[in-house]
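Listed below, chain by chain, are the residues.
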Amino acid sequence: MNWFTQTVSLTQIRNIDRIWLYVFGVLALIYLLIPTLIVIPMSFSDSQYLEFPPKAYSLKWFQTYFGSTEWMRATFVSIRAAFFTSIFATIFGTAAAYGTWVGSARLRTPLSGFFILPLSVPSILIAIGSLFVFSRLGLVNTTEGLVIAHTMLAIPFVFIVITAGLTSYDMNQEMAARSLGASRSRAFFTITLPQIKFSVITSALFAFYVSLDEVIVAMFISTGTGGTLNRKMFNALRDQVDPTIAAISTCMVVVSITLLVLAQVFKPKDG
């Protein structure tokens, strides 16, 4: 008993031993938050240029953003593309994850690698390839082309989230339904899908944000009136720099936090 107690005391990590971990975690958090903490105050600046800290505060740059036809057009393009990307990526990603999970165990690993492959390919290569293909199909500067490209980028995130949800799901429930005469599709929609609905909702939110935040592919296949918000922001930074960019960035931070909160709300409760 003394030997066991002594061994446990030697292997236990005391709070004082975790101080370095706490310090490193706080420093990493500060490093990640610094850009946001700088951008948000600048968006409320009364100056004609980006300055930090602001000498005076105003909402005029938010008024400029919401009152601009060009900015609103680009925003609606991004939201529309993100909405349809969320739908299609969730459908295809869920189907891919489910098919891989219930399929052959030998093919599960290579198929998983195939579906998450876009995560390992540089976005610039995907953008160039998309431009080459879409130019031949007449999909450049169209919402359809943008949705197709963004769906390809979002499917890996959906695949990962749905696969994680399936790992905690008892497939015997679906097998029991099929043994009672239900088809595979009916068993999926009536038994499996309700069990993993939280993962589906979370993956849809991820897909929406992936599309909304994407800029590299949009730089190649969306131009003019079909340009996304991120593309217009990039061009504005090159041509004219004013706090309107900071105001838009603040709005996008709010959207990101909202999506994160929603993902936590729809997260399944333990027990």
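Let me sum up the structure you'll find in this document. (Residues numbered from 1 in each chain as written. Predicted model: local features only at pLDDT ≥ 70, side-chain atom pairs only at ≥ 80, totals over all residues. Heavy atoms only, no water.)

1. A look at the packing of helix α4 (residues 69-102) against helix α7 (residues 143-167)
Interaxial distance between α4 and α7 falls to 5 Å at its minimum, and their mutual angle equals 40°. Considering their axes alone, α4 and α7 lie oblique with respect to each other. When the axes of α4 and α7 are compared, the crossing they make is right-handed. Here the contact of α4 with α7 is built from residues that sort into 18 nonpolar, 10 polar and one charged. (Axes fitted to C-alpha atoms, helices over the stretch in contact; angles between N-to-C directions. Helix = DSSP H or I, 4+ residues; strand = E, 2+ residues; numbered from the N terminus. Parallel < 35°, antiparallel > 145°, perpendicular 65-115°, else oblique. Left-handed = near helix turned anticlockwise from the far one by under 90°. Nonpolar A, V, L, I, M, F, W, Y, C, P; charged D, E, K, R; others polar.)

2. Considering the pattern of salt bridges
Scanning the model with the defined rule gives one salt bridge in all. Note that Lys-232 is salt-bridged to Glu-70, the shortest N-O span being 3.2 Å. Taken together, the residues Lys-232 in helix α12 (residues 229-239) and Glu-70 in helix α4 connect sequence positions 162 residues apart. Residue classification places Glu-70 among the partly exposed residues on the basis of a relative accessible area of 48%. (Salt bridge = Lys/Arg side-chain N within 4 Å of Asp/Glu carboxyl O. Buried < 20%, exposed > 50% of the residue type's maximum accessible area, 1.4 Å probe, protein only.)

3. Observations concerning the nonpolar core
With 28 residues, the main nonpolar core has Ala-89, Leu-146, Ile-162, Leu-166, Ile-196, Val-217 and Ile-221 as its most contacted residues. Broken down by secondary-structure element, the contributors of at least two residues to this core are α4, α6 (123-137), α7, α10 (197-213) and α11 (216-221). The element best represented in this core is α7, accounting for 10 residues. Contacts of Val-217, omitting those with residues within four sequence positions, involve Ser-123, Ile-126, Ala-127, Ala-149 and Leu-153. (Core = buried A, V, L, I, M, F, W, Y, C linked by side-chain atoms within 4.5 Å. Contact = heavy atoms within 4.5 Å.)

4. Points about the side chain of Thr-100
Inspection of the secondary structure assignment puts Thr-100 in helix α4. Overall, the relative accessible area of 4% leaves Thr-100 in the buried class. Side-chain polar atoms of Thr-100 contact the backbone oxygen of Ala-96, separated by 2.7 Å. Apart from residues lying up to four places away in sequence, Thr-100 is in contact with Arg-108, Leu-111, Ser-112, Phe-115 and Phe-159. (Polar contact = N/O pair within 3.5 Å; in protein donor to acceptor, adjacent residues only side chain to side chain.)

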